[in-house]
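Listed below, chain by chain, are the residues.
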Amino acid sequence: MSTPILDKNTDFETRSLDAICVNTSELHHPVWHLIKYLVAGICFGIILTKAEVISWFRIQEMFRLESFHMYGVIGSAVLVGMGSVWLIKKFSLKTIYGEEIALPKKAFNKGQVYGGLLFGFGWVMTGACPGPMYALIGTGASVMLVSLVSAIAGTWFYGLIREKLPH
Amino acid sequence: MLEWLQKPWPWYVAGPLIGLMVPLLLLVGNKTLGVSSSLRHLCAASLPSKIPYFTYDWKKEAWNLIFVTGILLGGWVATRFLSHPDPIVVNDHLLNKLQQYGVTDHDNLLPGDLFNWPALLSLRGFTMIVIGGFLVGFGTRYAGGCTSGHSIMGLSNLQVPSLIATACFMAGGFIMTHFILPFILSL
């Protein structure tokens, strides 16, 4: 009855550290079907912008414990997400194409600690995690394009030295 | 209605809407919410350089690149059609603190005194914009996800590694805010 959980990585090199890469639909659709992700992205971008969670000031307030806003946003998002995933599992809901929904398990590795801390540093400096970086560029904060390119460079550098890092 | 939409949205509206992105993406195509992977796909698409981590079929993950393009457009839509002219409301303590570092502009979501093109030529601006961005890209991939992939999606699916990652995001944020950022701001 329960939703199948992908608990083994079939392709370690490219997919192990990224749960998001594990979860590929086996179905093939015409390219225009991708438009639903564009619409979802637009909605996500509007929400992030209007909730001001893409603001450097809001991130500062969060870490200086001067505002509840960010805690409220993340906390209520997680609760709604949890409830939704619970319902999906409970009723074994399928996708609109009738596929079973697969929820990947994440395995612990030390990267979540070291990488997590480094990301925390960058999050406070730029005031943006990756989602907000994209949204900020859209709002006209063109200099964030430099941050985004730099983030891509950081990702590339990670790929380059990954074998040498503790995981 | 439009007037209400133009004001900043309160957390109890925005948070649940963000949470709903999780079932939305699962139901429309078996996708797990995550943004930082797009950075990896961009590397794989543009400069794989025979690095194993970037040699995979990125086109299979094209949805993620479309999704982040949408986020960018969403930022534009929100600004073009749903913006309000007032400055960002910022906590007084924070404003006072920032004033000590010559940061007074809070008209926009980003402090204009810190984030602008000429600032890239200053040590302070370069550190915050370029090195900060680099750490976001490096750290999220090392951690295997960001605020969306771990903190929202991972926690929604009760994944302990995501809880550990989220705790470390927060710890890193507190350390940077209280022990390192004051030095960067006074550069």
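Since the structure is predicted, the reported quantities are computational estimates derived from the model, not experimental observations.

### So, the interface of chain A and chain B
Many analyses report the size of an interface as the accessible area lost when the parts associate.
Thought 1: Each partner contributes residues to the interface: chain A has 119 residues there, and chain B has 135 residues.
Thought 2: Both sides of the chain A and chain B interface together cover about 11100 Å² of buried area, and 75% of this is carbon and sulfur.
Thought 3: It is Lys50, Phe57 and Met125 of chain A in chain A that bury the most area against chain B; as a group they hold 8% of the surface buried on that side.
Thought 4: Viewed at the interface, chain B and chain A are joined by zero salt bridges.
Thought 5: Inspection of the region where chain A meets chain B yields 28 residue pairs in polar contact (both at pLDDT 80 or more).
Thought 6: Elements with a contribution of two residues or more to the side of chain A that touches chain B: α1 (12-15), α2 (19-22), α3 (35-50), α4 (56-63), α5 (69-90), α6 (111-126), α7 (130-139) and α8 (144-161) of chain A.
Thought 7: Of the residues contributing to the side of chain A that touches chain B, the split by class is 69 nonpolar, 33 polar and 17 charged.

### Observations regarding a nonpolar patch on the surface
All names here are of chain A.
Thought 1: Judged by side-chain polarity, Trp86, Leu87, Phe91 and Leu93 come together as a nonpolar surface patch covering roughly 430 Å² of accessible area.
Thought 2: Along the chain, Leu93 falls in the loop between α5 and α6.
Thought 3: Relative accessible area serves as the criterion here: at 35%, Leu93 is assigned to the partly exposed category.

### Notes on helix α2 (residues 11-29) of chain B
Thought 1: Under the 1.5 Å per step criterion, the end-to-end length of α2 of chain B is 28 Å for 19 residues, consistent within 8% with the ideal 27 Å.
Thought 2: Of all the positions in α2 of chain B, only Ala14, Gly15, Ile18, Gly19, Met21, Val22, Pro23, Leu25, Leu26, Val28 and Gly29 of chain B are classed as buried.
Thought 3: For α2 of chain B, the elements touching its buried residues are α3 and α5 of chain A together with α4 (62-81) and α7 (147-156) of chain B.

### A word on the side chain of Asn30 of chain B
Thought 1: By secondary structure assignment, the location of Asn30 of chain B is in the loop between α2 and α3 (37-46).
Thought 2: Of the polar contacts made by the side chain of Asn30 of chain B, one reaches the backbone oxygen of Glu100 of chain A; its length is 2.9 Å.

### Digging into the packing of aromatic side chains
Thought 1: Per the stated rule, a full pass over the model turns up 21 aromatic pairs over all chains.
Thought 2: Between the aromatic rings of Phe119 of chain A and Trp123 of chain A, the centroid separation amounts to 5.7 Å while the plane-to-plane angle is 5 degrees, which identifies the pairing as stacked. Of this pair, Phe119 of chain A and Trp123 of chain A both sit in helix α6, four residues apart, which is roughly one turn of that helix.
Thought 3: Residue Trp123 of chain A is classed as buried on the basis of its relative accessible area of 2%.
Thought 4: Every member of this aromatic cluster is reached through a ring pair, and the members are Tyr114, Phe157 and Tyr158 of chain A together with Tyr53, Phe54, Phe134, Phe138 and Tyr142 of chain B.
Thought 5: Over the face of the ring belonging to Tyr53 of chain B we find Arg40 of chain B, whose NZ or CZ atom lies 3.9 Å from the ring centre.

### Considerations on the packing of α7 of chain B against helix α8 (residues 160-185) of chain B
Residue and element names in this part refer to chain B.
Thought 1: Between α7 and α8, the least distance of the axes is 9 Å, while the angle of their chain directions is 135 degrees. Relative to α8, α7 is oriented oblique. The interaxial crossing formed by α7 with α8 has left-handed handedness. On α8, the residues touching Thr147, His150, Ser151, Gly154 and Leu155 of α7 are Ser162, Leu163, Ala165, Thr166 and Phe169.

### Section: the domain arrangement of chain B
Residue and element names in this part refer to chain B.
Thought 1: In terms of domain boundaries, chain B breaks down into domain 1 (1-86) and domain 2 (90-187).
Thought 2: Centre-to-centre separation of domain 1 and domain 2, based on C-alpha positions: 19 Å.
Thought 3: Taken together, the contact pairs 13 residues of domain 1 with eleven residues of domain 2.
Thought 4: When domain 1 packs against domain 2, close to 840 Å² is buried across both sides, 69% of that on carbon and sulfur atoms.
Thought 5: On the domain 1 side of the interface with domain 2, the three residues burying the most area are Val22, Leu33 and Ser36, jointly 48% of the side's total.
Thought 6: For the pair domain 1 and domain 2, the number of links is zero salt bridges.
Thought 7: Put simply, domain 1 and domain 2 have three residue pairs in polar contact (both at pLDDT 80 or more) between them.
Thought 8: Here the residues of the side of domain 1 that touches domain 2 sort into seven nonpolar, four polar and two charged.

### Some details on the environment of Ala143 of chain B
Thought 1: Mapped onto the elements of the fold, Ala143 of chain B is located in helix α6 (residues 123-143).
Thought 2: Through-space distance from the C-alpha of Ala143 of chain B to that of Lys7 of chain B is 35 Å; in sequence the pair is 136 residues apart.
Thought 3: The residues touching Ala143 of chain B, leaving out its near neighbours within four places in the chain, are Gly111, Gln112, Gly115 and Gly116 of chain A together with His150 and Phe169 of chain B.

Criteria and cut-off values
- Residues numbered from 1 in each chain as written.
- Chains lettered and ligands numbered in written order.
- Predicted model: local features only at pLDDT ≥ 70, side-chain atom pairs only at ≥ 80, totals over all residues.
- Heavy atoms only, no water.
- Contact = heavy atoms within 4.5 Å.
- Buried area = accessible area lost by both parts, 1.4 Å probe.
- Salt bridge = Lys/Arg side-chain N within 4 Å of Asp/Glu carboxyl O.
- Polar contact = N/O pair within 3.5 Å; in protein donor to acceptor, adjacent residues only side chain to side chain.
- Helix = DSSP H or I, 4+ residues; strand = E, 2+ residues; numbered from the N terminus.
- Nonpolar A, V, L, I, M, F, W, Y, C, P; charged D, E, K, R; others polar.
- Patch = residues over 30% accessible without salt bridge, like charges linked within 9 Å, V, L, I, M, F, W, Y side chains within 5 Å.
- Areas by Shrake-Rupley, 256 points an atom, 1.4 Å probe, with all protein chains shown as cover.
- Buried < 20%, exposed > 50% of the residue type's maximum accessible area, 1.4 Å probe, protein only.
- Expected span 1.5 Å × (residues − 1).
- Phe/Tyr/Trp six-rings, centres within 6.5 Å; stacked < 30°, edge-to-face > 60°.
- Lys NZ or Arg CZ within 6 Å of the ring centre and 35° of its normal.
- Axes fitted to C-alpha atoms, helices over the stretch in contact; angles between N-to-C directions.
- Parallel < 35°, antiparallel > 145°, perpendicular 65-115°, else oblique.
- Left-handed = near helix turned anticlockwise from the far one by under 90°.
- Domains from an automatic or database assignment.

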